[in-house]
Amino acid sequence: MSIEVSAYYIWSYHYDHQKKLVNALLNCTNLLSTTLSWPDIKSGDTKQQQVENLVDTCLRYPGRIELLVDDLFSHERDSQNMLKVFDVLDQVIKLPVPWKEVTHLKSLLTEACGIPNHQELLNMCGKCLSTEERLPKEVSQEPKDRDTVIYLTDWLVRKGRLSTGKVPILEFVREVGQSVNKPELNIWVNEMTAHFASTVVEPVVKTVEKNEGHEISTTSFLTPLHLVIVLEPKSKKSKKYNVQAWLFEQGKNYPKQIHEKENIVLKELPEQIKQARGKINQLLIQNQNRLTLEFFLPIDLLLSYPLEEEYLPQSKGPIGCDYYVLVRPLERLQNEDAFLRLCKIWNQGEKLPQSFASCARWLTEIDPKWGKDLGKVFSLNFKPEPAFLGELIGFGTPIVMWIREETAKERHSRLHQEWSCCRLADIPKTLYEERCSIFWDQDKKHTGHLSLLWDDPTRVPPSFQLGPPT
């Protein structure tokens, strides 16, 4: 049974996208008299600085962008300036339903008379979900910062269309519409039914790896864009590396190599990442909030290199606050037996759709009996030795989380408790949010000293795949 932790989360964004949103909001004449009066927004000497501070704050706290847009729409309605704001939001923070339509729906619900009470809304929402889901924990009691119906609307919109074909937000609005006299709700449902009918469902993809004539079925939980970067030493003790970057894009059968550079030193890697990212900027405009960076590193760097804390040239924040950042073991990529064990475990029982708690193994020190838990996720509240991490990698453990500093123990323990209420597939997102939160809480000093090894065998560069590519 999975539990969705929250309706809102911190949006991933680029600073050039932030600038686009600031420019669009500057044209909205009602902005200064409304949201800029929020007490935690820093003042500025100019309107430009005030709006920049507003957007910066809203992007750092879950649910604030939604509050900003809802408040602004109540004043601007369908003005040309408001439409430009919606256009920017659809480019940089994508939702399954266009921002204009989501905001319009919430406006209709706010204006409607006879909205069911809190518990009745929860019951209606529950009917729209699959049997594997529960309501967000924040609505067990009425939310403090917005109406229950608005909170549930934002949550259900993000679910889009389920693999069963069900669209929870449409079913929810139909339910609510039967209790209120608001014909516009039925019109909205009809229009959005047509919208979902014209979009393609993103299914869980089954792929097949081939090795010496044998097929290895693997389950892929691809998000639209993954940039997979391999950092390979020139020799066993060399401090020089070759870099390759591959783009894995959902819907494309074969990844595309977009960058390659030989003989770099480690301090040059941020520039190489920037160059690789620059070659997919157009795709990022459409899918940026779902980009994941995956790095194949040798074990010594997995344990010592704080990759998610690196700053790309001219960037104002670390990459761990711009993207989901995952690390992967180069040694397993280069070891056929270890990779085959990974493939077998990855698909055994199709673990990823299940809850974290059902397949997690929590350790506070090395346990000599860990082998009985082969196939589980390991959450290590200590920094592992290379030999122990090497054992986990060699035997096919697909996901390992660990701390790099003693000071991270308490925070990692709290994260583990939160993860116990999550789907396993949501771990990269929740870790990203935690890294962002730590970064701002710690005055931009670090992102928590937390590493996540997430080794999905469906995303392997062709030059490292077993057997010839097909």
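Structural notes, computed from the coordinates. What you see is a predicted model, and the numbers here were worked out from it, not measured in a lab. (Residues numbered from 1 in each chain as written. Predicted model: local features only at pLDDT ≥ 70, side-chain atom pairs only at ≥ 80, totals over all residues. Heavy atoms only, no water.)

## Structural notes on the overall build of the protein
Part 1 of the reasoning: The helix and strand tally for the protein stands at 17 helices and 11 strands.
Part 2 of the reasoning: Within the protein, the proportion of its 470 residues that are buried is 54%.
Part 3 of the reasoning: Residue pairs in contact within the protein that sit at least 24 positions apart in sequence constitute 67% of those at least 6 positions apart.
Part 4 of the reasoning: Entry remark: accessible area of the protein is about 21300 Å², with carbon and sulfur atoms responsible for 48%. (Helix = DSSP H or I, 4+ residues; strand = E, 2+ residues; numbered from the N terminus. Buried < 20%, exposed > 50% of the residue type's maximum accessible area, 1.4 Å probe, protein only. Contact = heavy atoms within 4.5 Å. Areas by Shrake-Rupley, 256 points an atom, 1.4 Å probe, with all protein chains shown as cover.)

## Structural notes on the nonpolar core
Part 1 of the reasoning: In terms of nonpolar packing, the biggest core is built from 60 residues, with Leu 25, Ile 65, Leu 89, Ile 169, Phe 172 and Trp 188 touching the most fellow members.
Part 2 of the reasoning: The element contributing the most residues to this core is helix α7 (residues 148-157), with 7 residues.
Part 3 of the reasoning: Counting 42 residues, the second largest nonpolar core, distinct from the first, contains Leu 269, Leu 301, Ile 319 and Leu 453. (Core = buried A, V, L, I, M, F, W, Y, C linked by side-chain atoms within 4.5 Å.)

## Let's talk about a positive patch on the surface
Part 1 of the reasoning: A contiguous patch of positive charge, built from Lys 19, Lys 42, Lys 316 and Lys 444, is present on the exposed surface.
Part 2 of the reasoning: Take Lys 316: it is sitting in the loop between α12 (299-304) and β7 (324-329). (Patch = residues over 30% accessible without salt bridge, like charges linked within 9 Å, V, L, I, M, F, W, Y side chains within 5 Å. Salt bridge = Lys/Arg side-chain N within 4 Å of Asp/Glu carboxyl O. Lys, Arg positive; Asp, Glu negative; His and termini not counted. Charge placed at Lys NZ, Arg CZ, Asp CG, Glu CD.)

## Quick word on the environment of Asp 367
Part 1 of the reasoning: Locating Asp 367 in the fold gives a position in the loop between β8 (360-363) and β9 (377-380).
Part 2 of the reasoning: The exposure class of Asp 367 is buried, given its relative accessible area of 19%.
Part 3 of the reasoning: Note: C-alpha distance between Asp 367 and Phe 388 (21 residues apart in sequence) is 9.6 Å.
Part 4 of the reasoning: Engagement of the side chain of Asp 367 in a polar contact is seen with the backbone nitrogen of Lys 369, the distance being 2.9 Å. (Polar contact = N/O pair within 3.5 Å; in protein donor to acceptor, adjacent residues only side chain to side chain.)

## A short note on the side chain of His 118
Part 1 of the reasoning: Along the chain, His 118 turns up in helix α6 (residues 118-127).
Part 2 of the reasoning: For His 118, a relative accessible area of 13% corresponds to the buried category.
Part 3 of the reasoning: A polar contact of 2.8 Å, which involves the side chain of His 118, links it to the side chain of Thr 148.

## Description of the pattern of salt bridges
For side chains bearing opposite charge, pairing can occur when the charged atoms are close.
Part 1 of the reasoning: On inspection of all chains with the given rule, the structure shows 21 salt bridges.
Part 2 of the reasoning: Salt-bridge contacts for Lys 372 lead to Asp 373; the nearest nitrogen and oxygen are separated by 3.5 Å.
Part 3 of the reasoning: What makes Asp 373 buried here is its relative accessible area of 9%.
Part 4 of the reasoning: Measuring nitrogen to oxygen at the nearest pair gives 3.3 Å for the salt bridge that ties Glu 410 to Arg 414. Of this pair, Glu 410 and Arg 414 are both found in helix α16 (residues 409-419), 4 residues apart, which corresponds to roughly one turn of the helix.
Part 5 of the reasoning: Residue Glu 410 is classed as exposed on the basis of its relative accessible area of 59%.
Part 6 of the reasoning: Each of Glu 294, Arg 328, Arg 332, Asp 455, Asp 456 and Arg 459 takes part in salt bridges that share partners, so that together they form one network.

## Observations regarding helix α15 (residues 386-394)
In an α-helix, one turn spans 3.6 residues; hence positions three or four apart end up facing the same way.
Part 1 of the reasoning: Turning to α15, its buried residues number three or more, namely Phe 388, Leu 389, Leu 392 and Ile 393. Across the axial projection of α15, the buried residues extend over an arc of 140°, all falling on one side. (Arc of directions from axis to C-beta.)

## What about unusual backbone geometry?
Part 1 of the reasoning: Positive phi is not limited to glycine here, since Gln 314 has a value of about 70°.
Part 2 of the reasoning: Relative to the assigned elements, Gln 314 resides in the loop between α12 and β7.
Part 3 of the reasoning: Residue classification places Gln 314 among the exposed residues on the basis of a relative accessible area of 72%.
Part 4 of the reasoning: Here the phi dihedral of Asp 443 falls at roughly 55°; this positive angle occurs in a residue that is not glycine.
Part 5 of the reasoning: Positionally, Asp 443 belongs in the loop between α17 (427-441) and β11 (450-454).

## Comments concerning the packing of helix α4 (residues 80-92) against helix α5 (residues 99-111)
Part 1 of the reasoning: α5 packs onto α4 with a crossing angle of 120° between their chain directions and a minimal axis gap of 8 Å. Taken together, the axes of α4 and α5 are oblique relative to one another. Of the residues in α5, those in contact with Leu 83, Phe 86, Leu 89 and Asp 90 of α4 are Trp 99, Lys 100 and Thr 103.
Part 2 of the reasoning: Class assignment for the residues of the contact of α4 with α5 results in 4 nonpolar, 1 polar and 2 charged. (Axes fitted to C-alpha atoms, helices over the stretch in contact; angles between N-to-C directions. Parallel < 35°, antiparallel > 145°, perpendicular 65-115°, else oblique. Nonpolar A, V, L, I, M, F, W, Y, C, P; charged D, E, K, R; others polar.)

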